[in-house]
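Notes for the structure review
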Amino acid sequence: MPSSRRPNKVKTHVLKDCSLPSLLVPIDPNESDFTATKVIVTIGPACQDVDTLCKLLDAGATCARVDLTWGPLEFHKRSLVNLGEAMRRSWGPLEFHKRSLVNLGEAMRRTRKLCAVMVDVVGREIILNRPSKIDEDGWPRFENPISVKATDKVTLTTGMVPEGAAGNVLPVSYEKFTSMVQPGDTVFLGRYLVTGSEDSSLYLTVDSVGEKDVVCTAMNAGVLDGLITVFHTERSTDSLANLQNDLPILCPEDKAALEALQDEFEVDFVSLSFARTADDIVQAREFLDSAGLTTTKIIAKCETRQSLFNFKSIAGAADGIILSRGNLGLDVLPEKMALVQKSVISNCNLIGKPIIITRVVDTMCVAPRPTRAEATDVANVVLDGADGILLGAETLRGKYPVLTVETIMKICRQAEKVFDHVHHFDHLMQEAMEIADDTGALGGSGEFAQYFARNVSQANLTPAMPSSLGNGVDDSDGQSLRSINRHDSQAQLTRAANLGSPLLSKLESIASSAVRAADKVGASLIIVYTRSGQTASLVSKYRPPQPIMTLVVPQLKNDGFKWHLEGRDTARRCLIQRGLLPVLAAPSQNSGESLLEEAVAMASRAGLVHAKDHIVVVQMLAGAFVVKIVSVDEGGYGIQAIRPKSLVDLMMATAGASKEEELGQDNGNGEGRVGHTIGQPGLQPRELTHVSSMKHNETARSASLQVRPAMQAACK
Ligand SMILES: Nc1ncnc2c1ncn2[C@@H]1O[C@H](COP(=O)(O)OP(=O)(O)O)[C@@H](O)[C@H]1O
Ligand SMILES: C=C(OP(=O)(O)O)C(=O)O
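Residues numbered from 1 in each chain as written. Chains lettered and ligands numbered in written order. Predicted model: local features only at pLDDT ≥ 70, side-chain atom pairs only at ≥ 80, totals over all residues. Heavy atoms only, no water.

Another aspect to go through is the pattern of salt bridges. Under the defined criterion, the tally for this structure stands at 25 salt bridges. For Glu-264, the salt bridge identified is with Lys-98, shortest N-O distance 2.9 Å. Placement of Glu-264 in helix α6 (residues 252–264) and of Lys-98 in helix α4 (residues 92–111) is noted, with a sequence separation of 166 residues between them. Among the residues examined, Glu-264 registers a relative accessible area of 37% and is labelled partly exposed. Take Lys-98: its relative accessible area is 15%, and that puts it in the buried class. The partner of Arg-573 in a salt bridge is Asp-569, and the shortest N-O contact between them spans 3.5 Å. Within this pair, Arg-573 and its partner Asp-569 are both found in helix α21 (residues 568–573), separated by 4 residues, close to a single helical turn. Exposure class is identical for Arg-573 and Asp-569. Each is buried. (Salt bridge = Lys/Arg side-chain N within 4 Å of Asp/Glu carboxyl O. Helix = DSSP H or I, 4+ residues; strand = E, 2+ residues; numbered from the N terminus. Buried < 20%, exposed > 50% of the residue type's maximum accessible area, 1.4 Å probe, protein only.)

Leu-104, Leu-272, Ile-281, Ile-321, Leu-391 and Ile-408 are the most contacted members of the largest nonpolar core, which has 83 residues in total. No other element matches helix α14 (residues 401–418), which puts 8 residues into this core. Residue contacts for Ile-321: discarding those within four places in its chain leaves Ile-299, Ala-300, Cys-302, Phe-311, Ile-314, Ala-315, Val-344, Cys-348, Pro-354, Ile-355 and Ile-356. Residues Ile-510, Ala-517, Ala-518 and Val-521 belong to the second largest nonpolar core, which totals 28 residues. (Core = buried A, V, L, I, M, F, W, Y, C linked by side-chain atoms within 4.5 Å. Contact = heavy atoms within 4.5 Å.)

Nonpolar side chains collect at one region of the surface, where Leu-20, Leu-23 and Leu-24 lie side by side and expose about 340 Å² of accessible area between them. By secondary structure assignment, the location of Leu-20 is in helix α1 (residues 20–24). Given the relative accessible area of 59%, Leu-20 is considered exposed. (Patch = residues over 30% accessible without salt bridge, like charges linked within 9 Å, V, L, I, M, F, W, Y side chains within 5 Å. Areas by Shrake-Rupley, 256 points an atom, 1.4 Å probe, with all protein chains shown as cover.)

Another aspect to go through is the site of ligand 2. Around ligand 2, the surrounding shell consists of Arg-65, Asp-120, Tyr-192, Leu-193, Lys-301, Glu-303, Ser-324, Arg-325, Gly-326, Asn-327, Thr-358 and Arg-359. Side-chain polar atom of Arg-65 to an oxygen atom of ligand 2: 2.8 Å apart, as the coordinates give it. Look at ligand 2: alone it shows 290 Å² of surface, and the protein chains cover 97% of it. With 3 residues, helix α10 (residues 325–331) is the single largest residue contributor to the shell around ligand 2. Here the residues of the shell around ligand 2 are counted per class, giving 2 nonpolar, 4 polar and 6 charged. (Near = heavy atom within 4 Å. Polar contact = N/O pair within 3.5 Å; in protein donor to acceptor, adjacent residues only side chain to side chain. Nonpolar A, V, L, I, M, F, W, Y, C, P; charged D, E, K, R; others polar.)

Moving on: the confidence of the model for the chain. Residues with a pLDDT of 70 or more make up 73% of the chain, whose mean pLDDT is 77. Of the regions scoring below 50 in pLDDT, residues 72–92 engages in 36 contacts with residues more than four places distant in sequence or in other chains. Here residues 653–716 is a poorly scored stretch, pLDDT under 50, and it has 180 contacts once near neighbours within four places are set aside; other chains count. This prediction of the complex comes with two scores: 0.81 for pTM and 0.94 for ipTM. (pLDDT = per-residue confidence, 0-100.)

Right, let's get into the sheet that holds strand β11 (residues 201–209). Backbone hydrogen bonds hold the strands of a sheet together, and the pairing may be parallel or antiparallel. Reading across from one edge, β4-β14-β10-β11-β12-β8-β9 is the order of the 7 strands in this open sheet, with mixed pairing throughout. In the strand order of this sheet, the two ends are held by β4 (126–127) and β9 (169–171), each with one partner. (Pairing = 2+ DSSP bridges.)

This part is about the site of ligand 1. Ligand 1 sits among 14 residues. The nearest are Tyr-529, Thr-530, Arg-531, Ser-532 and Thr-535. Between an oxygen atom of ligand 1 and a side-chain N or O atom of Ser-532, the distance comes to 2.3 Å. Look at ligand 1: alone it shows 530 Å² of surface, and the protein chains cover 90% of it. Sorting the residues of the shell around ligand 1 by element identifies β20 (525–530), α20 (534–541) and β25 (614–621) as the ones contributing at least two each.

Summarising burial for helix α2 (residues 50–59): 7 of the 10 residues are buried, a large majority. Those residues of α2 that sit buried are Val-50, Thr-52, Leu-53, Cys-54, Leu-56, Leu-57 and Ala-59. In the stretch just after α2, Gly-60 is the one whose phi turns positive, near 125 degrees.

What is meant by a disulfide is a covalent connection between two cysteines, made through their sulfur atoms. Per the counting criterion, the structure on display carries 0 disulfides. In this structure Cys-18 is not part of a disulfide, and its nearest cysteine sulfur, from Cys-412, lies 15 Å away. You can see Cys-251 has no disulfide; the closest cysteine sulfur is in Cys-302, sitting 19 Å from it. For Cys-251, a relative accessible area of 7% puts it in the buried group. (Disulfide = S-S within 2.5 Å.)

A separate point is the side chain of Thr-69. Its location among the elements puts Thr-69 in the loop between β2 (61–67) and α3 (85–90). Here the side chain of Thr-69 touches Asp-67 through a polar contact of 2.8 Å, side chain to side chain. Here the side chain of Thr-69 touches Tyr-192 through a polar contact of 3.1 Å, side chain to side chain. Once residues lying within four places of it in the same chain are set aside, the contact partners of Thr-69 are Asp-120, Val-121, Val-122, Glu-125, Tyr-192 and Leu-227.

Have a look at this one:
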């Protein structure tokens, strides 16, 4: 960080109404069960059947992950030449994952709930090559757990393990493993998706390194079972000293599996394991595009210290971040973990990228209740500002997958109630102002803007080590910047636009105005029309307390070969962002006012709004950006004419002016206010926004608008 006057500030918790008496009031059984925080579940044997998947969706899960880490064991022995068809035919776990997705489609049909699909790739994961067999359900099972006592010698080898060899000689999957480690290093062996603190985890200290063998001493006793991951802990406590493996960001098995899944299913997200640099995201994007997964979003997993050194460039290039706290916790000192989490979440919030946190309630793998620490942790994730929580072992092999989701949703709901939305909003605005100030546009030095731009573009913070393996710190400044530019997502373009502008981009100005207005008029709901999801995403960024109904109007597109409807995928991709409630309009529905009326009726039926409630609407009308307030009619079904007082409040909220100074006395009917200039709160008025009233309509309307999880939501 340069000596800018501006430190890298992170928002801390400011809780609204957290007095003990208010907290101890029993929870109203009739209170809305809307939960803004998203929950992603990992599908495994514990939840793959349709009934359990239905229960998970009913409990509130919005995205399901299939984890390719289970499976490629069989492939490590095969040459690249033999991949392809042979693999497709014989890879048991891929069949397991396909069945998961077929069942998920059925669960969506039955529950009429939309669920996104995430595929987690193996990437650079190093594992122990242990013999396994594929069970009848297609899931790999391992036999003969490995029992190790503290101070036992354990040998990790890249060679063959002769039959009858001692049980403490363990083959690792990465053939250059001996080049990575040196005496004194710590190597962690643990069951995939375990905490690292139970007796199925083993910490080893490296004694000596030979050509093929790494001899270690066990620091604790443990019984290794299941799929065992090998994690080489960073040896330096303040920089990066380890050599990193040179495995590709997507291994051949990942590519083959993604292609195979893409043939039959729609993959909304790829969670990119062990992302280290922005270039990893660029490479993954290139592959996904070439494989026809052009709309699939990349969520980079930060699971090593290296990913933190390159964090800003990774976050800038990816469509979202997963903070993989299990692995990261092996690489970051325990006393720093909470602070790292706050920093990562805050940075993602600032640039409006979804941030997902892993490893919250490990105890619920075996117990029906979380520990106090876990329950507190979940609440803190919400208060820190995360978008969602990713469940791993809890739903993959845990005893209580449904109860786990229910418990998490309840904790999140309570935490959301005290999340200070206004403070969060003001923090983002303040940051925008300071960036603007630093660009010089508002009289600042430009120092921070340069720092921010540099970090977003390359983040080359530590020198690369001279090695064929490399320590993996991003050493390709210009190159990664160029690559990112080739793949500029809309969000990146928006960010870039923001960096060059003293104020916010047009769309962001509209989105934040809508959130401010909703707050000022006490709206119950925000409705956002969206095509790509970008506008909805920007509204989510400002973390309104209201649900954000995200209206996606399908569009007929021609890809050069055939016509197809686009929109379903947009709706699903909103399902990892805090507060978004995507709704897919029926294709025949026009996107005008009648659609809004249907949306309001639907929100009313869903209990999201009641009679006389206000709703803030973001849409495009006749080529103009519109933020408007409508009210629910007396019957609670349709739209009432705009309430004049609310209109004044809207202008107050968005123009940041005082009632007396700017508007004079409210004449009670709001006349003369329609079409008033609305600017960015806290900033100078900038965008011209129409505030139009709705036509009066008291009648309840039939619902042609549908939530469209049914049919083809996950299965093509
Ligand atoms: N079908 C629609 N009808 C009316 N307004 C729309 C529709 N789709 C998007 N909009 C509005 O158009 C504006 C710009 O949208 P756009 O640039 O396409 O971003 P997005 O990808 O979020 O739709 C936003 O105000 C959005 O609310
Ligand atoms: C690796 C994962 O997370 P963690 O590092 O938190 O175990 C995961 O969930 O895929």
